[in-house]
Amino acid sequence: ASLVKLMTARLVLDAGPLEHTATVPPMQLTGDESQAGLEPGDHVSRGELLQAMLVASANDAARTLAVDVAGNEHSFVRMMNAEAAAAGLDATRYANPHGLDDPAQHSSAADVARLARNLMQDPTFRHIVAAESTTLDGSELPATNDLLGAYQGADGIKTGHTEEAGYCIAASATRDGRSTVVLLLAAPTDPARADAARAL
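Keep in mind that this is a model prediction, so the values were computed, not measured.

Reading the values: the criteria
- Residues numbered from 1 in each chain as written.
- Predicted model: local features only at pLDDT ≥ 70, side-chain atom pairs only at ≥ 80, totals over all residues.
- Heavy atoms only, no water.
- Helix = DSSP H or I, 4+ residues; strand = E, 2+ residues; numbered from the N terminus.
- Rg over C-alpha atoms; globule rule 2.2 N^0.38 Å.
- Buried < 20%, exposed > 50% of the residue type's maximum accessible area, 1.4 Å probe, protein only.
- Salt bridge = Lys/Arg side-chain N within 4 Å of Asp/Glu carboxyl O.
- Patch = residues over 30% accessible without salt bridge, like charges linked within 9 Å, V, L, I, M, F, W, Y side chains within 5 Å.
- Areas by Shrake-Rupley, 256 points an atom, 1.4 Å probe, with all protein chains shown as cover.
- Lys, Arg positive; Asp, Glu negative; His and termini not counted.
- Charge placed at Lys NZ, Arg CZ, Asp CG, Glu CD.
- Arc of directions from axis to C-beta.
- Contact = heavy atoms within 4.5 Å.
- Polar contact = N/O pair within 3.5 Å; in protein donor to acceptor, adjacent residues only side chain to side chain.
- Pairing = 2+ DSSP bridges.
- Axes fitted to C-alpha atoms, helices over the stretch in contact; angles between N-to-C directions.
- Expected span 1.5 Å × (residues − 1).

Looking only at helices and strands, the protein features seven helices and seven strands. Along the protein, helices (α) and strands (β) appear in the sequence α-β-β-α-α-α-α-α-β-β-β-β-β-α when read from the amino end. Here the protein has a C-alpha radius of gyration of 16 Å; the compact-globule value for 200 residues is 16 Å, and the two agree. Within the protein, the proportion of its 200 residues that are buried is 48%.

Attention now goes to the pattern of salt bridges. In this structure the tally under the stated criterion is six salt bridges. Between Asp-14 and Arg-10 there is a salt bridge, with its nearest N and O atoms 3.2 Å apart. Taken together, the residues span about one helical turn, with Asp-14 and Arg-10 both in helix α1 (residues 5–14) at a distance of four residues. Residue Arg-10 is classed as buried on the basis of its relative accessible area of 10%. Between Arg-10 and Asp-122 there is a salt bridge, with its nearest N and O atoms 3.7 Å apart.

Glancing now at a negative patch on the surface. Together, Asp-32, Asp-101, Glu-163 and Glu-164 make up a negatively charged patch on the protein surface. On the secondary structure map, Glu-163 appears in the loop between β5 (154–162) and β6 (166–175).

With that out of the way, let us pick up helix α7 (residues 190–199). For α7, the full list of buried residues reads Arg-193, Ala-194 and Ala-197. Along α7, the residues classed as buried sweep out an arc of 95 degrees about the axis, all on the same side. Turned more than 90 degrees away from the buried face of α7 sit Pro-191 and Ala-199, all of them exposed. The secondary structure elements touched by the buried residues of α7 are β5, β6 and β7 (178–187). Capping the start of α7 is the job of one residue whose side-chain oxygen sits 3.0 Å from the backbone nitrogen of Ala-192: Thr-189.

Looking now at the sheet that holds β7. Taking strand neighbours across the sheet as the criterion, the three strands line up as β5-β6-β7 in an open arrangement whose pairing is antiparallel. With one partner strand each, in any of the chains shown, β5 and β7 form the two edges of the open sheet. When strand polarity is set aside, the average angle formed by the axes of neighbouring strands in this sheet is 5 degrees. Summarising the sheet, β6 and β7 pair through eight bridges and their orientation is antiparallel. Note on β7: the bridge partner recorded for Thr-174 is Ser-179. Taken strand by strand, helix α5 (residues 109–119) contacts β5, β6 and β7, and its axis lies near 145 degrees from that of β7.

Attention now goes to unusual backbone geometry. Excluding glycine, most residues fall at negative phi; most peptide bonds, likewise, are trans. Each neighbour pair has its own omega, and for Gly-156 with Ile-157 the value is 15 degrees, a cis peptide bond. Secondary-structure assignment places Ile-157 in strand β5.

Helical periodicity: at 3.6 residues per turn, an α-helix aligns residues three or four positions apart in one direction. Between its first and last C-alpha atoms helix α4 (residues 73–86) spans 20 Å; for 14 residues at 1.5 Å apiece the expected length is 20 Å, and the two agree. Within the span of α4, buried status applies to Ser-75, Phe-76, Val-77, Met-80, Asn-81 and Ala-84. The inward-facing, buried residues of α4 contact α1 and α3 (59–70). Two to three positions downstream of the cap, the backbone nitrogen of His-74 sits 3.2 Å from a side-chain oxygen, assigning the N-cap of α4 to Asn-72. Immediately downstream of α4, the backbone of Gly-88 shows phi near 75 degrees, a positive value.

This part takes up the side chain of Thr-134. Along the polypeptide, Thr-134 turns up in strand β3 (residues 133–136). Taking relative accessible area as the criterion, Thr-134 reaches 6% and is therefore assigned buried. Here Gln-51 takes part through its side chain, which lies 3.0 Å from a polar atom of the side chain of Thr-134. Setting aside chain neighbours within four positions, we find Thr-134 in contact with Gln-51, Ala-52, Val-55, Ser-139, Glu-140 and Leu-141.

Geometry only, nothing functional implied.
Structure representation (structure tokens):
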């Protein structure tokens with residue numbers, strides 16, 4: 001599901017200045033997709049798009065970033081898979097930059113945990129995923145991570161949900177200088193996902 005966006009974030013963070021302005025491309029989105037309300041032709045910085053993608057899980061932001069970095073989504077997916085191979089994520093195969101169900105797309109808890117821990121070493125990423133909301137074009141976008149502000153020390157990272165993947169989360173908490181990352185895949189409901197992450 002949207003844990004795929006962690007690799008999208010990795011490539012965006014490696015692609016250059018977040019002040020760079022991206023142009024929103026034409027795209028077809030379904031009504032039930034998580035979106036930031038972007039319109040084709042809008043000009044938005046990579047940094048703002050990254051925040052909308054990671055905090056609010058906006059698919060339109062993820063797709064815009066993919067096109068901005070690689071020219072088109074297909075080329076970006078090739079970059080994602082090359083990065084996964086280089087990082088030793090052997091159980092992972094990407095098919096899109098946003099995480100909607102695709103039979104060719106899969107990963108494992110161990111692979112996502114490794115990627116998440118790596119990303120949490122990046123101060124920019126760490127700052128973004130700790131936010132309880134972000135703002136895009138004057139509109140507030142709440143975080144999808146219900147643990148933020150509700151669990152002691154919670155400071156990230158990313159949720160995901162599709163019909164086939166169930167409710168997923170890469171969660172991080174820091175107490176007394178010690179940080180722990182947990183991965184939960186295929187929970188049956190949103191509350192079950194949060195409860196299991198707390199227990200872990």
